[in-house]
Amino acid sequence: MTAPAPDDQEDKPLDPAMENVRRKMVKLQLVSVGVMLVMLMAVLATIVYKVTRTDEKAPAQSAAIAVPSEAPVNAVAALPAGFTVTNVALSGSQVLFYGNLPGAEPRAIVFDITAGRIVADITVRTN
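Residues numbered from 1 in each chain as written. Predicted model: local features only at pLDDT ≥ 70, side-chain atom pairs only at ≥ 80, totals over all residues. Heavy atoms only, no water.

### Details of the overall build of the chain
Then, in step 1: Tallying secondary structure elements over the chain gives two helices and four strands in all.
Then, in step 2: Along the chain, helices and strands appear, N-terminal first, in the series α-α-β-β-β-β.
Then, in step 3: Across the 127 residues that make up the chain, the buried fraction comes to 10%.
Then, in step 4: If you sum the accessible surface of the chain, you get close to 10700 Å²; carbon and sulfur atoms cover 62% of it. (Helix = DSSP H or I, 4+ residues; strand = E, 2+ residues; numbered from the N terminus. Buried < 20%, exposed > 50% of the residue type's maximum accessible area, 1.4 Å probe, protein only. Areas by Shrake-Rupley, 256 points an atom, 1.4 Å probe, with all protein chains shown as cover.)

### Some points on the sheet that holds strand E4 (residues 117-123)
Then, in step 1: The strand order E1-E2-E3-E4 describes an open sheet built from four strands, whose pairing is antiparallel. Each edge of the open sheet carries a strand with a single partner, namely strand E1 (84-91) and E4. Looking at each pair of strands side by side, their axes are set apart by 20° on average, direction ignored.
Then, in step 2: The pairing of strand E3 (residues 106-112) with E4 spans six bridges and is antiparallel. Paired with Val 110 across the two strands is Ala 120, which belongs to E4. (Pairing = 2+ DSSP bridges. Axes fitted to C-alpha atoms, helices over the stretch in contact; angles between N-to-C directions.)

### Observations concerning the pattern of salt bridges
Then, in step 1: Applying the stated criterion across every chain, the model contains four salt bridges.
Then, in step 2: Notably, a salt bridge pairs Glu 19 with Arg 22, separated by 2.8 Å at the nearest N-O pair. Note that Glu 19 and Arg 22 are positioned in helix H1 (residues 16-52) at a spacing of three residues, about one turn of the helix.
Then, in step 3: A salt bridge links Arg 125 to Glu 105; its shortest N-O distance comes to 2.9 Å. Of this pair, Arg 125 sits in the segment after E4 while Glu 105 sits in the loop between strand E2 (94-100) and E3, placing them 20 residues apart in sequence.
Then, in step 4: Among the charged side chains, a salt-bridge network with shared partners connects Glu 19, Arg 22 and Arg 23. (Salt bridge = Lys/Arg side-chain N within 4 Å of Asp/Glu carboxyl O.)

### Brief notes about the pairing of E1
Then, in step 1: The pairing of E1 with E2 spans seven bridges and is antiparallel. Each bridged residue has a counterpart across the sheet, and for Ala 89 the counterpart in E2 is Leu 96.

### Description of the nonpolar core
Then, in step 1: Formed by Phe 83, Val 95, Phe 97, Leu 101, Ile 109 and Phe 111, the largest nonpolar core amounts to six residues.
Then, in step 2: Secondary-structure elements contributing two or more residues to this core are E2 and E3. (Core = buried A, V, L, I, M, F, W, Y, C linked by side-chain atoms within 4.5 Å.)

### Concerning the confidence of the model for the chain
Then, in step 1: When the pLDDT values of the chain are averaged, the result is 84; 81% of them are 70 or greater.
Then, in step 2: For the chain, per-element mean pLDDT is lowest for helix H2 (residues 57-64), which scores 52, and highest for H1, which scores 95. (pLDDT = per-residue confidence, 0-100.)

### A short note on the environment of Val 119
Then, in step 1: Locating Val 119 in the fold gives a position in strand E4.
Then, in step 2: Linking Val 119 and Ile 109, residues 10 residues apart in sequence, is a C-alpha distance of 7.9 Å.
Then, in step 3: Discounting residues that sit within four places of it in the chain, Val 119 has contacts with Gln 94, Val 110 and Asp 112. (Contact = heavy atoms within 4.5 Å.)

### Topic: a nonpolar patch on the surface
Then, in step 1: Together, Val 33, Leu 37, Leu 40, Val 43, Leu 44, Ile 47 and Val 51 make up an exposed nonpolar region whose accessible area comes to about 640 Å².
Then, in step 2: Inspection of the secondary structure puts Val 51 in helix H1.
Then, in step 3: Judged by its relative accessible area of 65%, Val 51 falls in the exposed class. (Patch = residues over 30% accessible without salt bridge, like charges linked within 9 Å, V, L, I, M, F, W, Y side chains within 5 Å.)

Below you can see the structure in the form of structure tokens.
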């Protein structure tokens, strides 16, 4: 058997039904590529927005707990007499003292270092 001549390998036109299917597939491919490009642009825009925006909370919070370079901050937290501290937590410029008075329910006392005073006295009750 002999190899077909190069003239025989040319593309023959498709019948009309197959041509319609091919056109629909090309349109579907173009729509899919367009949607993917729009989504990629949305993701990149979100990344750029997150990276370039300034956080309004960060400067105020760092200024609130700034310690002067010449001396440390001196503060006295006047807890109630007989208060037994069982746990302490620090958040920004606030210190939480958790404990209780003899014969009383547990309490949480919040002391603000920058204000130099107790800002909350919370009694903890269980149901």
